[in-house]
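Per-entry structural report
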Amino acid sequence: MHKFILEEHSMTQDLYTFFSRRFGCRHFLCAVLAGLLVLPAHADSGRERLSLDRGWLFHLGDIPFHVPVTQDETYYATKAGLASGAAAVKFDATAWRKLDLPHDWQIEQPFDAKANPAQGFRQRGIGWYRRYLAVPESDRGRHVELEFGAIATHATVWVNGNLVNHNWSGYNEIRVDITPYLLYGDNNPNVIAIRVDANAMEGWWYEGAGMYRHSWLVKTDAVHIVPDGVRITPRQVKGDSWEIPAQVTLENDGKQAARVDVEMVVTGPDGKQVARRSTSIDVPVLAQVTASLPMTIRRPSLWSLDKGALYHVTTTVRSNGKTVDQVALDTGFRTLRFDAERGFFLNGAHVKLQGVCLHQDHAGVGVAVPDAIWEYRLRRLKELGVNAIRFSHNAIASEVLDMADRMGFLVMAENRNFNPSPDYMKQLEWMVKRDRHHPSVILWSVFNEEPVQATEAGYEMARRMVALAKALDGTRPTTAAMSNGLLTPLNVSHAVDVVGANYQIPEYDKYHAAYPGKPFTSSEDTSAFMTRGEYTTDKARHIEGSYDNEYPVWGNTHRDAWQAIGTRDFVAGGFVWTGFDYHGESWPYTSWPSVSSYFGIMDLNGFPKTAYYMHQVQWIKDRPLVHIAPHWNWAGKEGQEIVVRVMANVERVKLLLNGREIGEQKVDNYRMNDFKVRYEAGKLEAIAYTGDKEVARTSVETTGPAVALELVPDRGALAGDGYDAMPITVRALDAQGRAVPLANDEVSFEIAGAGKSIGHGNGDPNSHEDEKGKTRKLFNGLAQLIVQSNWDSGGTIEVRASAQGLIPATLTIPVKAVQPIAYVTTAAAPKAGKP
């Protein structure tokens, strides 16, 4: 058992080649897979990182603790290991639901018109989790930790009846040293109990509920590297000379002081060693010490948006020649600079930040988003032309930042809670320590839109949080996303390095004139509304048209916002609110029946709205592009004028209807090009020209009625590890095989074989369908089904989609058998009864 261990951040060329050749997976997914699997457990590393995702028990609803009423009960209720209720060691949980992580129980709840609209009209509540595990006698004397990626929202953790952790945020990792509480041997199961209070809310958007990220059991030697204890952020010294001022923090849980050797090895993107440094250090009992291992590297390959050149840094701790711990991380060499007049520079070259803000939920799965679906989301953004992401308004999963490093995104890492008190400073400290090795991270944001942002109190609070971020990482500037108060006498902008403005376009020039030496960026902009596939606004039906005319009082259209940013050199860039739609916060309505947002450039599934094509032609410069909106199915409107929007990144465009020229225009890359066309069925075609040369063309056609369904997989195969997942596009075709843009048929799904459905969606913000059910209506021609492989599986997944009156569609997805990710098996529960 436990033949392989995990290293979250590792990606060697050999593993990448292995996955790409064996499984035929896409570049980024291969990188993700390669980052999961490394050396044999125990063999050389001294560290095991074992998945705890399998085998949990779950109960929705609170379970009261026993209230002591006698002298003896009160005495024992205060003692270690004697927690009561569902936290008790011998609590009977046999009737609880069995499930695996990640898990979001809120997405499983029915829509409820009486629930909070900000959270998507779904109840949240309280839930309990329990897990049983055996720790072998051979682990006695080792250091053992629990690691939970995040739990929404407030979590209390017990181990063997001992309360070991309170956590006050749904976005930070929870690490707990459980060594003192462990029982050893196959017949002495250890009990983990977790109470999750999701009634507590940190956001005004859908936050999910439960253990929605990965969980791990980490075993090391008594002398070990502490969590996030390797500091390896490179710095340019001069010219081609760089330094990694590396530090390693060690801890000794053992009973004797230890002298250990610490070695750090850096290998380049080609796998060749480029630096090596070692030192010896004494580690006292129950104490922490820090070893310094500065290294100089000359002429490294630079990390960039197009070339994610990552260097692999392996830190090894040895005692008497034996490896007792090892941690591997990736980092990258790049320079960054915010200039007050000219914006942002990466490696000395100017880069306009073409960014989006992202929440962390997806159709069908809520916030329990599989890693492979995150890869799909980031790939969709890359295709759009996005080069920057603000993960708003919280720290994102470390797996996602690994992808940002590999795929080439610039990241604004944002702190969730603006509060310099000790509990919340720990959250900021954790984020900076965990993420400072990532080359993708370019900014630390201390908050988003705080009421005290224009006050002395806000300034003082920000000043303290900025000081902590700089003490932990002096290589990146700080910012804060301010929604007003930029020009007040004392405000948060005076405490940060780069001013972040949410909206406030009229203040851009005023601020720059008042503070010409202060770097400036839009930290959030636009907030325009669109319903995918709809072109006429109907407020009574909660429908927003897609011509980019609808926006809230605080926001702007996509065109206005980007024009304000793109035409000002001193504005480093922008972050559109948002890249994808998300559950909850259904502006402009925030009322029933709307249950998800309208802000996205894409809908909840990643299907493009008109905004997608507008920004794509603004942001992509290396190839000619031309798009048309809307569709050309307007039966009943013959002879009436339809506004046709042509979006292109070339010099001029010509529009034809059924071969007849409608008109020709010089391309306006900020405003787009609109033509008024009297509708007649047929083919509408746009031709793009550079000079007199045709460089691209596109068309939309009037389709016939839907006659058949089609299933389009995102990838060619899945890995049979129980984690890999993929979205499948569901659409209806006419008799000529053309996608029907207005189809709204209800589709039934059947899944068999080596996988399962984990959810679906269609992008309709007013849909109340069960996202885990067996049916889903098409919305304006599209729906999405997400399938995931079973644990330890191989073979195929068979998917069948059917709808009344349409020819069914079938799909066979190969599932490749792979070495399972090492995990902790589930032990038998202790015999129920009184403690």
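This write-up is about the structure you can find in this document.

The subject of this paragraph is a nonpolar patch on the surface. Together, Tyr 75, Tyr 76 and Leu 82 make up an exposed nonpolar region whose accessible area comes to about 300 Å². Residue placement: Leu 82 occurs in the loop between helix 3 (71-77) and strand 3 (97-99). The partly exposed category is assigned to Leu 82, whose relative accessible area is 32%.

In this section: the sheet that holds strand 7 (residues 162-167). The strand order across the open sheet built from six strands is 3-2-4-9-6-7, with neighbouring strands paired in antiparallel fashion. A strand with exactly one partner marks an edge of an open sheet, and here the two such strands are strand 3 and strand 7. Each neighbouring strand pair of the sheet contributes to a mean axis angle of 25 degrees, computed without reference to strand direction. Alignment of strand 4 (residues 126-133) against strand 9 (residues 190-197), held across eight bridges, turns out to be antiparallel. Bridge assignment links Gly 127 to a residue of strand 9, and that residue is Val 196.

Spatial strand order, 38-45-44-40-42: five strands in an open sheet with mixed pairing. Pairing within the sheet leaves two strands with one partner each, and these edge strands are strand 38 (718-719) and strand 42 (775-777). Across seven bridges, the pairing between strand 44 (residues 795-802) and strand 45 (residues 809-816) is antiparallel. Residue pairing for strand 45: Gly 795 is matched across the bridge by Val 815.

So, on to the packing of aromatic side chains. This structure, assessed with the given rule, holds 31 aromatic pairs. Aromatic pair Tyr 311 and Phe 333: ring centres 4.8 Å apart, planes at 75 degrees, arrangement edge-to-face. Of this pair, Tyr 311 sits in strand 17 (residues 311-319) while Phe 333 sits in the loop between strand 18 (322-331) and strand 19 (336-339); the two residues are 22 residues apart in sequence, bridging distant segments of the chain. Relative to Phe 599, the ring of Tyr 582 has its centre 6.4 Å away and its plane inclined at 20 degrees; by these criteria the two rings are stacked. Taken as a pair, Tyr 582 in the loop between strand 29 (573-577) and helix 10 (610-619) and Phe 599 in the loop between strand 29 and helix 10 lie far apart in primary sequence, 17 residues in all. Overall, the relative accessible area of 1% leaves Tyr 582 in the buried class. Each member of the aromatic cluster is reached from another via a ring pair, and the members are Trp 56, Phe 58, Trp 105, Tyr 129 and Phe 148. In this structure, Arg 377 is placed above the aromatic ring of Phe 580, and the distance from its NZ or CZ to the ring centre is 4.2 Å.

This structure, assessed with the given rule, holds 51 salt bridges. Residue Glu 771 pairs with Arg 122 through a salt bridge whose shortest N-O separation is 3.0 Å. Remark: Arg 122 occurs in the loop between strand 3 and strand 4 and Glu 771 occurs in the loop between strand 41 (755-761) and strand 42; sequence separation between them is 649 residues. The buried category is assigned to Glu 771, whose relative accessible area is 6%. Residue Arg 142 pairs with Asp 139 through a salt bridge whose shortest N-O separation is 3.0 Å. Taken as a pair, Arg 142 and Asp 139 share a single burial class, namely buried. When salt bridges with common partners are traced through the structure, they connect Glu 173, Arg 175, Asp 228, Arg 434 and Asp 435 into a single cluster.

Residues that lie three or four places apart on an α-helix share one face, since the helix turns once every 3.6 residues. Helix length check: helix 4 (residues 371-384) (14 residues) gives 20 Å between terminal C-alpha atoms against 20 Å at 1.5 Å per residue, within 8%. The buried count for helix 4 comes to twelve of 14 residues, which makes it a mostly enclosed element. Of all the residues in helix 4, the buried ones are Asp 371, Ala 372, Ile 373, Trp 374, Glu 375, Tyr 376, Arg 377, Leu 378, Arg 379, Arg 380, Leu 381 and Leu 384. Positive backbone phi, at 105 degrees, marks Gly 385, one or two positions downstream of helix 4.

What follows concerns the layout of surface pockets. The method is simple in principle: a probe with the dimensions of a water molecule rolls over the atoms, and the space it marks as empty is what remains. Empty space within the largest pocket amounts to approximately 1200 Å³. Pro 608, Tyr 613, Arg 731, Ala 739 and Leu 782 are the residues nearest the centre of the largest pocket, which is lined by 40 residues in total. Elements with a contribution of two residues or more to the lining of the largest pocket: helix 4, helix 10, strand 30 (626-629), strand 36 (693-701), strand 37 (708-713), strand 39 (725-733) and strand 43 (782-789). In terms of residue class, the lining of the largest pocket is built from 19 nonpolar, twelve polar and nine charged. Along its surface, the second largest pocket is lined by 31 residues, and Arg 175, Pro 227, Lys 426, Glu 429 and Trp 430 are the ones closest to its centre. Elements with a minimum of two residues in the lining of the second largest pocket: strand 5 (143-148), strand 7, strand 8 (174-177), strand 11 (223-231), strand 13 (241-252), strand 16 (288-298) and helix 6 (422-435). Grouping the constituent residues of the lining of the second largest pocket by class yields eight nonpolar, eleven polar and twelve charged.

Each value, and the rule that gives it
- Residues numbered from 1 in each chain as written.
- Predicted model: local features only at pLDDT ≥ 70, side-chain atom pairs only at ≥ 80, totals over all residues.
- Heavy atoms only, no water.
- Patch = residues over 30% accessible without salt bridge, like charges linked within 9 Å, V, L, I, M, F, W, Y side chains within 5 Å.
- Areas by Shrake-Rupley, 256 points an atom, 1.4 Å probe, with all protein chains shown as cover.
- Salt bridge = Lys/Arg side-chain N within 4 Å of Asp/Glu carboxyl O.
- Helix = DSSP H or I, 4+ residues; strand = E, 2+ residues; numbered from the N terminus.
- Buried < 20%, exposed > 50% of the residue type's maximum accessible area, 1.4 Å probe, protein only.
- Pairing = 2+ DSSP bridges.
- Axes fitted to C-alpha atoms, helices over the stretch in contact; angles between N-to-C directions.
- Phe/Tyr/Trp six-rings, centres within 6.5 Å; stacked < 30°, edge-to-face > 60°.
- Lys NZ or Arg CZ within 6 Å of the ring centre and 35° of its normal.
- Expected span 1.5 Å × (residues − 1).
- 1 Å grid on protein atoms, 1.4 Å probe; cavity = no way out; pocket = protein on both sides within 12 Å on 5 of 7 lines; lining within 4 Å.
- Points joined across faces, edges and corners; volume = space filled by probe spheres on them.
- Nonpolar A, V, L, I, M, F, W, Y, C, P; charged D, E, K, R; others polar.

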